[in-house]
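Listed below, chain by chain, are the residues.
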Amino acid sequence: AAVRLSNLAVFRMGELSELEVPAEKKKAREVKTLKGAFYFLLRDKPGDLNIHTPTASAALRGTEFNVQVETDGRTVLMVFDGEVELSSEQGQVRLNSGEQGVVELGRPPAKTAVINAVNAIQWCLYYPAVLDVDELVLTEAEKRVLANSLEAYRSGDLPGAVARYPAAREPASDSERLYLAALLLSVGQVEQAEAWLAKAGQVSSLSREGDQGRHAESGARPDAWPTALAEALRRLVAAVKFQEWPHQSNQGLLRPAATKVGGQATRVTLATESMAESYYQQSRGDLQAALAAAKAATQKSPTFGFAWVRVAELEFSFGRVAGAMAALNRGSSLTPQNAQAVALKGFLSSAQNKLAEALRCFEQAIALDGALGNAWLGRGLCRIRQGQAEPGREDLQIAAALEPQRALLRSYLGKAFHHAGSAASAERELSLAERLDLNDPTPWLYSSLLNREQNRLNQAVRDLERSQALNDNRSVFRSRFLLDQDCAVRSANLAAIYQDAGMTDVAMREAARA
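Residues numbered from 1 in each chain as written. Predicted model: local features only at pLDDT ≥ 70, side-chain atom pairs only at ≥ 80, totals over all residues. Heavy atoms only, no water.

Considering the overall build of the protein
A tally of helices and strands in the protein yields 22 helices and twelve strands. Relative to its full complement of 514 residues, the protein shows a buried share of 52%. For the protein, restricting intrachain contacts to residue pairs at least 6 apart in sequence, the fraction spanning at least 24 positions comes to 53%. Within the structure as shown, the protein displays about 22,800 Å² of accessible surface, and the carbon and sulfur contribution to it stands at 50%. (Helix = DSSP H or I, 4+ residues; strand = E, 2+ residues; numbered from the N terminus. Buried < 20%, exposed > 50% of the residue type's maximum accessible area, 1.4 Å probe, protein only. Contact = heavy atoms within 4.5 Å. Areas by Shrake-Rupley, 256 points an atom, 1.4 Å probe, with all protein chains shown as cover.)

Next comes the structure, spelled out in structure tokens:
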């Protein structure tokens, strides 16, 4: 859930988190985080908000930070931008960007090393659905118990599927463990998901024989082994974190499932594996391979709605609107409650300048899943295009708080601050975007335009040349044709800046390149 405290203060709450907002009005607003995970993105004046936990207090200064409060009150606070003064009854410590503090009951705050910032906020990362539940082998008893959750999952309603999974239930089989792991991933509970994946991989030979018998009895494909599905989910985690895969895990390298054909072991790929492969290939910058894998998933499982929506996303990344709409219509008919599909329809409508229809789609997507950053991004951009600059900027700030690691969201937020006349805030967000993704050309482009408006022409040229050099790194999101269009836009802007600087000959050459 995302909570707005003011027009410049937003925070995200993790699953099962609890907080308290005191009713009495004070000069500085206060929030008590009782337990769970919280990500604060604050752009208020210093001292406008104070955070309290059972063991600590935090005085904030234009800050962005992640705080986790454990059941015993232990508090871990990591600062991503700005400054926090973390204190307890036993002492205090000042934390700056990139530093982390820990407070335990009865002890003073202590600074600790930040080993991996991505792991600290992995609960905020967006993990799309890749598991085809038709590839699970559930008993009739399991199907009855999980019926409501499975129905929600098949309809595309991931938050509903999580909410309807029976509370305190211990999974009865590897297939159910994999299903629970997939649900936990969808709400960012990566550590818990990995624990269930590890248990699913610890299958005895007797259990495997039982699973094989159940496959035969149910008529399900014999290649749907738990290890292959578990590997696919781990591959998705690697893709979201932009990590290499395969890699050596605690259990060693996982072996893919195989089936015997004519006495030979032949590799059989599941729709779930194809979906995970699609996201992994995108994380490697190969959109063609990503699209091919997504299409393979639809061929292996034609009623797998999430796969059709994935095809639509990738078709849109190539600028093929008709192909994207065709795949999206198929996916939406199969998963009508899929928030990502509804948001994608909004982007397609926006691309066709149907802003009213796009806004309706984004608002519907937010209603379906309030933690979907793309839905807030889309609505914010539409509002800005309609002249609603402040509401649009507020939506973009929520999107950034929901997915704080996405550099592109920071670039858009920086551009929104720029249009609102807040150059300092714009520069801050663009600087964060540059740090979050060293290879993304977008913040350098926007920074160049900002510097040009402020008549800092040398810096504008430097930033735009850097953006040009990084242009092809957007291949993670855009096709070659669209990258060439982006390059042309950058060349045209660079020519204009050269012209402003009186470098007419250079401007003419750059304009010719565009």
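Quick word on helix 16 (residues 389-402)
Its 14 residues place the ends of helix 16 20 Å apart at the C-alpha level, agreeing with the 20 Å of an ideal helix rising 1.5 Å per residue. Within helix 16, eleven of the 14 residues are buried, which leaves the element mostly enclosed by the surrounding structure. (Expected span 1.5 Å × (residues − 1).)

Overview of the environment of F242
Relative to the helices and strands, F242 resides in the loop between helix 8 (226-240) and strand 11 (258-261). Residue F242 is classed as partly exposed on the basis of its relative accessible area, which comes to 49%.

Here's the deal with the nonpolar core
Y153 and Y179 are the most contacted members of the largest nonpolar core, which totals 47 residues. Secondary-structure elements contributing two or more residues to this core are helix 3 (147-154), helix 4 (158-163), helix 5 (174-186), helix 6 (190-201), helix 8, helix 9 (271-283) and helix 11 (305-317). Here this core gets nine residues from one element, more than from any other, and that element is helix 8. Once residues lying within four places of it in the same chain are set aside, the contact partners of Y179 are L131, V133, L136, L146, S149, L150, Y153, A161 and Y165. By size, the runner-up hydrophobic cluster in this structure holds 29 residues, among which are L41, L377, I398 and L413. (Core = buried A, V, L, I, M, F, W, Y, C linked by side-chain atoms within 4.5 Å.)

Considerations on the packing of helix 10 (residues 287-300) against helix 11
One can describe the packing of helix 10 onto helix 11 by two numbers: an axis separation of 8 Å at closest approach and a directional angle of 155 degrees. With respect to helix 11, the element helix 10 is oriented roughly antiparallel. Both helix 10 and helix 11 take part in a crossing whose hand is left-handed. Listed contacts from helix 11 to L287, A290, L291, A294, K295, A297 and T298 of helix 10 are A307, W308, R310, V311, L314, E315 and S317. Its residues assigned to classes, the contact of helix 10 with helix 11 shows nine nonpolar, two polar and three charged. (Axes fitted to C-alpha atoms, helices over the stretch in contact; angles between N-to-C directions. Parallel < 35°, antiparallel > 145°, perpendicular 65-115°, else oblique. Left-handed = near helix turned anticlockwise from the far one by under 90°. Nonpolar A, V, L, I, M, F, W, Y, C, P; charged D, E, K, R; others polar.)

A short note on helix 17 (residues 407-419)
Here helix 17 spans 19 Å end to end across 13 residues, near enough to the 18 Å set by a 1.5 Å rise per residue. What helix 17 keeps buried is the set A407, L408, L409, R410, S411, L413, G414, A416, F417 and H418. With its phi angle positive at about 85 degrees, G421 sits one or two positions after the end of helix 17.

Here's the deal with the pattern of salt bridges
In total, this model carries 23 salt bridges according to the counting rule given. For R428, the salt bridge identified is with D81, shortest N-O distance 2.6 Å. Of the two residues, R428 is situated in helix 18 (residues 423-436) and D81 in strand 7 (residues 75-88); the sequence distance between them amounts to 347 residues. For D81, a relative accessible area of 8% puts it in the buried group. As a salt-bridge pair, E390 and R393 come within 2.7 Å of each other at their nearest N and O atoms. With a gap of three residues between them, E390 and R393 both fall in helix 16, about one helical turn apart. A residue is classified by how much of its surface remains accessible, and E390, at 33% relative accessible area, is partly exposed. One network of salt bridges, with partners in common, ties together E70, R74, E104 and R107. (Salt bridge = Lys/Arg side-chain N within 4 Å of Asp/Glu carboxyl O.)

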